[in-house]
Amino acid sequence: MKQSIAKVLTALLVCRAIALAQSHPAVAISNAKIVTVSGPVIAKGTVVVRNGLIEAVGENVPVPADAMLVEGEGLTVYPGLIDGLSTWGQPYTAPAASTTVTAGRGGRGATTTTTTTTPAAAVPAAVSTVAPARGPEDRPATTSWLKIADEVTFTDRRIESARSAGFTTAVTFPTRGIFAGQGAIIDLLSDAKPGEMVLVPAAGQYISLSRGSGGGGGMGGGFPSALMGVISYIRQIYLDAAHYQLVKDAYARDPRGVERPVYDRALEGVLESKRILLPANRLVEIDRMLRFAAELKQPAILYGGRETFRPEAAALLKKFNTPVLLSMRWPEKPRDADPEDVESLRTLETRDKAAGAPMALQSAGVKYALYSDGLDQPRDLQRAVKKAIDAGLSREDAIRALTLSPAEIFGVADRLGSIEKGKIGNLVVTRGDLFDDHTKVEMILVDGRKYVPAPDAAPTGGRGATTDPGVNR
Amino acid sequence: MNKILLPALLVVVHLSAETYVIRNATIMTVAKGTLKGSIVVKDGKISEVGEKVMEPAGAKIIDAAGQYVIPGIIDCHSHIAADGGINEGSVSVSSMVDIKDVINPEDIAIYRALAGGVTTANILHGSANPIGGQTLPLKMRWGKDAQGMIFEGATPGIKFALGENPKRAGNPAGGRGAPATVQARYPATRMGVEDTIREAFNEAKVYKAEWDAYDARAAKGEHGIPPRKDLKLEPLKEVLEGKRYVHAHCYRADEILMLLRVADEFGFKIRTLQHVLEGYKVAKEIAAHGAGASTFSDWWSYKVEAFDAIPYNAAIMQKKGVIVSLNSDDAELMRHLNSEAGKAMKYGGLSETEALAMVTLNPAKQLGIDNRVGSIEAGKDADLVIYDKFPLSDYAKVQKVLIDGTIYFDRDNEVSGRAAKQAEKQKLIDKEKQNQQRPQQAPTRRQGQ
């Protein structure tokens, strides 16, 4: 008991010290195990972070005289974890990403999200149109021009719990509507100007196949109401965008005597997006979306990926050379399921094998990353990763799927995802192996700024981990 | 647990088509009468049919002694195998949507249809709009992916709908299922349905003219900016060009005549009238237009516009020179279209062959795929159904179904495989139960302390 009180006190003191630590020009962690991800593990080495960048890493790196020294004996340093598809850092709560996938058969269980921690607010409600859309020309459920980079804020309370789980970075997307808008890659800072958080302001267009709120299927709810309506709408938008570009270019060459092209922000938003994110959970959806992206000639990333544990799905992704963001919300039996209800073999099989997806994709050579999908409690996130590891994924690959792989998928592996000289100073320092039971995140560096998990944050590691040593006999 | 368990249970592995000889069967060819003999299946096609055939060396023999073989059943009106709704009901003209985009090859209804002898089905958009979505025929190749289901080379279609369904959405009270607050959608009357179709084709004509002019300029080497491609009008342009079939949902004689006149005026054809329960009243006019009729055997009175239905409809239309098929419009009815055909013998006194043609050769003709399927003739696709008894009887059970010379349904395998599937399922259920119980125990123990 005394020990635990002491721990809490120390932690509180450390918290107070955060502001001080940030003012240090440099941080050096020495004598630590360093998991670089891009290269071999350094059993005992030093990593130096200065001005938000990794200045040096290696076995025999001297500690600069002006650096704040962290004695790393018994500690492990990892690159900061990246949430490849997130809603963290936004001023409003968006529904968890892949829950917007049309559920179809063999759906997953819990769809309630735990993301209702921040007050609903400001970001455009443009999706809820006043009159029902009469067709594609009304641009229903579209805010493609929206850049979430312009809306990010550190006031999202999930940022702190995400950091406590080891996340330093998130690719955060608007998720409402069919064309929801462009995501941004952000660092999970606190007390920072919004602009400081943004690493990449335009990370791609988030597309969902449901209208979101204000839509509703059936008759009279406005176009589109059925899945095939949504697909045809997306197809029409890309045809229109290509035509718009032609007309605009011609006008720019010589406007005299030419009818002025009507400015269309929906098409502008689509044209500015360098990649699209498409939802796909079931095998048939994966097949459908891969072909659709090829038809649209858009670089695509699929998200959801629930049935990617099926070899056919992994083979398709490999064939189309398309990366996938894999939801860590592994399907579970619905809590309120009718005990008499007989589920299909396929549903049972999916629940049984879903956490094997990372392993299946790994073996098939498909580029993939894991994402939080509405999980934001450190314990839940750690458990989710643990489940994949239990299903055969190696620890190294699990770490990669949350660091270098998402960085590669979003084209920022030159600045994020591994511990290399010159990369952004995003580090997680743990006592014990990341994702192990009882492992504790000691410290997080985001952009070189030091944060310490709040004392009440659950330790990393799985079930039953407790701060009270008495319980562990 | 490092191994990935192959989920082989649902994915039937189909080897490339074997060579088969179906021996000693009663073969109802539909095109050339019924005979006792053999069928040779090679490279996915029927290579020979006759009382005596040359059996290729190495062919697998299927002994069908005492059994019957018919061409695979074709359902001209089905809504299975589509994801995310079959009605884009938000707009009066939803021609921009396409069933092809939402094929769901994992729909269990496919397998069930297959087990009922169906080898091809015309998957239609719903009937919520005067002009509905694009449609296409699928082969019931259970286990293949979405692309593998598509009937290669078949002319695509588009759904039209007349009468109660499309005008219901125009009802300010919202009609079936829609909240009263929802803005009513034009049209609300049968007149409005006609107007909607006319307006759409007027638009399509302008669109077509625009594109024709552009294509003509481009052919002369003048390159300019092409007109905007409009996914709503593209398929209507194709209808005007005869490249896409119109399948029109209809009931009443007056609206059937209306549609035929509108089509004549705009210079396109109605390929099939669907349901067409009052078709017997205007059969001559239907025949004169050249439209096919795809109707129910004896389903009637389920709504006001279906009150005048008679079970003799199919036979009467046929006798007036209309190509008639019997369809299901329903995943359950789809599983016994053979006995639906049998009813045409009772009501209207059609011959066995004529009745069977209504679920095989006639729908094939209506869909423009009779060069490939619909009868048992050398050169056609080996889409065959083996029944244990006379196939137009309620007591007949499907034994085997071949599509493109591959066995996609085998009753013996199905029945004998059930125990293993059940065991697999139970194993997963038990495993999940165990895993669920574990975390529940932990807090209990802690409470005990």
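All values derive from a computational prediction rather than experimental measurement.

Enquirer: Just to check I follow, could you spell out the overall build of chain A for this structure?
Expert: Counting secondary structure elements, chain A contains twelve helices and 18 strands. Of all 473 residues assigned to chain A, the portion counted as buried reaches 54%.

Enquirer: Got a minute to help me understand the overall build of chain B in this structure?
Expert: Tallying secondary structure elements over chain B gives twelve helices and 16 strands in all. Dimensions of chain B, computed from the C-alpha atoms along their principal axes, are close to 80 × 65 × 60 Å. For chain B, with 449 residues in total, the buried portion stands at 50%. Within chain B, contacts between residues separated by at least 24 positions form 68% of all contacts whose residues are at least 6 apart in sequence.

Enquirer: Any chance you could explain the sheet that holds strand β10 (residues 245-250) of chain B here in plain terms?
Expert: Sheet strands associate in pairs through backbone hydrogen bonding, adopting either a parallel or an antiparallel arrangement. Residue and element names in this part refer to chain B. Taken together, eight strands build an open sheet; the order of strands is β6-β7-β8-β9-β10-β11-β12-β13 and the sheet is mixed. Edge positions in the sheet fall to β6 (73-78) and β13 (324-326), since each has one partner strand and no second. Each neighbouring strand pair of the sheet contributes to a mean axis angle of 25°, computed without reference to strand direction. Pairing analysis gives three bridges linking strand β12 (residues 292-295) to β13, with the strands arranged parallel. Bridge assignment links Ser294 to a residue of β13, and that residue is Ser325. In the packing of helix α9 (residues 337-346) onto the sheet, the strands contacted are β6, β7 (118-123) and β13, and the crossing angle to β13 comes to about 130°.

Enquirer: Help me understand unusual backbone geometry in this model?
Expert: Backbone phi values are negative for most residues with the exception of glycine, while trans is the configuration of most peptide bonds. A cis amide bond, omega -10°, links Phe223 of chain A with the succeeding residue Pro224 of chain A. For Pro224 of chain A, the location among the structural elements is in the loop between β11 (205-207) and α4 (227-253). Look at the link from Tyr186 of chain B to Pro187 of chain B: it is a cis peptide, with omega at 5°. Along the chain, Pro187 of chain B turns up in the loop between α3 (164-168) and α4 (190-219). Positive phi, close to 50°, is recorded for Asp191 of chain A, a residue that is not glycine. Non-glycine residue Asp43 of chain B carries a positive phi angle of around 50°. By the secondary structure assignment, Asp43 of chain B is in the loop between β2 (34-42) and β3 (45-50).

Enquirer: Explain the nonpolar core here, please?
Expert: Soluble globular proteins tend to pack their nonpolar side chains together in the buried interior. Residues Val47, Val77 and Leu278 of chain A together with Ile39, Val69, Leu138 and Met140 of chain B are the most contacted members of the largest nonpolar core, which totals 249 residues. Looking at this core element by element, the count peaks at nine residues for α4 of chain A. In this view, Leu278 of chain A contacts Ile207, Met289, Phe292, Ala293, Ala300 and Leu302 of chain A; residues no more than four positions away in its chain are not counted.

Enquirer: Please clarify how the domain arrangement of chain A should be interpreted in this entry.
Expert: Many authors give the size of an interface as the accessible area that is lost as the parts come together. All names here are of chain A. One can read the domain layout of chain A as domain 1 (2-80 + 423-455) and domain 2 (82-409). Residue-level contacts link 19 residues of domain 1 with 21 residues of domain 2. Listed by contribution, the elements that provide at least two residues to the side of domain 1 that touches domain 2 are β5 (76-79), β17 (440-446) and β18 (449-451). A total of three residues in the side of domain 1 that touches domain 2 trace back to one element, the largest contributor, which is β17.

Enquirer: When you look at the confidence of the model for chain A in this model, what are you seeing that I'm missing?
Expert: Note that predicted coordinates carrying low pLDDT should not be read in detail. Chain-level statistics for chain A give a pLDDT mean of 85 and a share of 81% at 70 or above. Here residues 458-473 of chain A is a poorly scored stretch, pLDDT under 50, and it has 38 contacts once near neighbours within four places are set aside; other chains count.

Enquirer: Sorry if this is basic, but what is going on with the environment of Leu326 of chain A here?
Expert: Residue and element names in this part refer to chain A. By the secondary structure assignment, Leu326 is in strand β14 (residues 324-327). Residue Leu326 is classed as buried on the basis of its C-beta count, with 30 C-beta atoms lying within 10 Å. For the pair Leu326 and Ala294, spaced 32 residues apart in the sequence, the C-alpha separation amounts to 20 Å. Leu326 has contacts with Gly305, Thr308, Ala357, Pro358, Tyr368, Ala369, Leu370 and Tyr371, leaving out every residue within four places of it along the chain.

Enquirer: Is there a simple way to think about helix α6 (residues 253-266) of chain B in this case?
Expert: Every α-helix winds through 3.6 residues per turn, so residues three or four apart in the chain are directed the same way. Residue and element names in this part refer to chain B. For α6, which comprises 14 residues, the first-to-last C-alpha distance of 20 Å matches the rise-based estimate of 20 Å (1.5 Å per residue) to within 8%. Those residues of α6 that sit buried are Ile256, Leu259, Leu260 and Ala263. Down the axis of α6, the buried set is contained in an arc of 100°. They therefore lie on one face. In this structure, the buried side of α6 is in contact with β10, β11 (272-275) and α7 (283-289). Just downstream of α6 lies Gly267, where phi reads positive at about 75°.

Enquirer: How should the pairing of strand β1 (residues 26-34) of chain A be read in this particular structure?
Expert: In summary, the side chains of a regular strand alternate between the two faces of the sheet. Residues and elements named next belong to chain A. Note that β1 and strand β2 (residues 42-50) share six bridges and pair antiparallel. Pairing of Ile29 across the sheet is with Val47, part of β2. Bridge analysis of β1 against strand β4 (residues 68-71) gives four bridges, and the strand direction is parallel. Within the sheet, the bridge partner assigned to Val27 lies in β4 and is Met68. Where β1 and β5 come together, two bridges link them in parallel fashion. Within the sheet, the bridge partner assigned to Ile34 lies in β5 and is Val77.

Enquirer: What is the right way to read the packing of helix α6 (residues 283-296) of chain A against helix α7 (residues 311-319) of chain A from this model?
Expert: When two helices pack together, their arrangement is captured by the angle between the axes and the distance separating the axes. Residue and element names in this part refer to chain A. Where α6 contacts α7, the axes come no closer than 9 Å and their chain directions differ by 10°. Here α6 lies roughly parallel to α7, going by the angle between them. Contacts between α6 and α7 involve Leu283, Ile286, Asp287 and Leu290 on the former and, on the latter, Glu312, Ala313, Leu316 and Leu317. The class makeup of the residues in the contact of α6 with α7 is six nonpolar, no polar and two charged.

Enquirer: Hey, could you run me through the packing of α7 of chain A against helix α9 (residues 357-364) of chain A in this one?
Expert: Residue and element names in this part refer to chain A. Two elements in contact, α7 and α9, have axes separated by 9 Å at closest approach and are oriented at 45°. Judged by the inter-axis angle, α7 sits oblique to α9. Regarding α7 and α9, the two cross each other, and that crossing is right-handed. Note on element contacts: α9 touches α7 through Ala360, Leu361 and Ala364, opposite Pro311, Ala314, Ala315 and Lys318. Across the contact of α7 with α9, the residue classes break down as six nonpolar, no polar and one charged.

Enquirer: Mind showing me how you'd approach the domain arrangement of chain B here?
Expert: Residue and element names in this part refer to chain B. Domain parsing of chain B yields domain 1 (1-72 + 374-411) and domain 2 (73-369). For domain 1 and domain 2, the distance between their C-alpha centroids amounts to 30 Å. The partner domain 2 presents 27 residues to the 24 residues of domain 1 that form the contact. Among the elements of the structure, β5 (68-71), β15 (398-403) and β16 (406-410) are those that each provide at least two residues to the side of domain 1 that touches domain 2. Top contributing element to the side of domain 1 that touches domain 2 by residue count: β15, with three residues. Classifying every residue of the side of domain 1 that touches domain 2 gives 16 nonpolar, six polar and two charged.

Thresholds applied
- Residues numbered from 1 in each chain as written.
- Chains lettered and ligands numbered in written order.
- Predicted model: local features only at pLDDT ≥ 70, side-chain atom pairs only at ≥ 80, totals over all residues.
- Helix = DSSP H or I, 4+ residues; strand = E, 2+ residues; numbered from the N terminus.
- Buried ≥ 20, exposed ≤ 12 C-beta atoms within 10 Å, placed from the backbone.
- Contact = placed C-beta atoms within 7 Å.
- Pairing = 2+ DSSP bridges.
- Axes fitted to C-alpha atoms, helices over the stretch in contact; angles between N-to-C directions.
- Core = buried A, V, L, I, M, F, W, Y, C linked by C-beta atoms within 7 Å.
- Domains from an automatic or database assignment.
- pLDDT = per-residue confidence, 0-100.
- Expected span 1.5 Å × (residues − 1).
- Arc of directions from axis to C-beta.
- Parallel < 35°, antiparallel > 145°, perpendicular 65-115°, else oblique.
- Nonpolar A, V, L, I, M, F, W, Y, C, P; charged D, E, K, R; others polar.
- Left-handed = near helix turned anticlockwise from the far one by under 90°.

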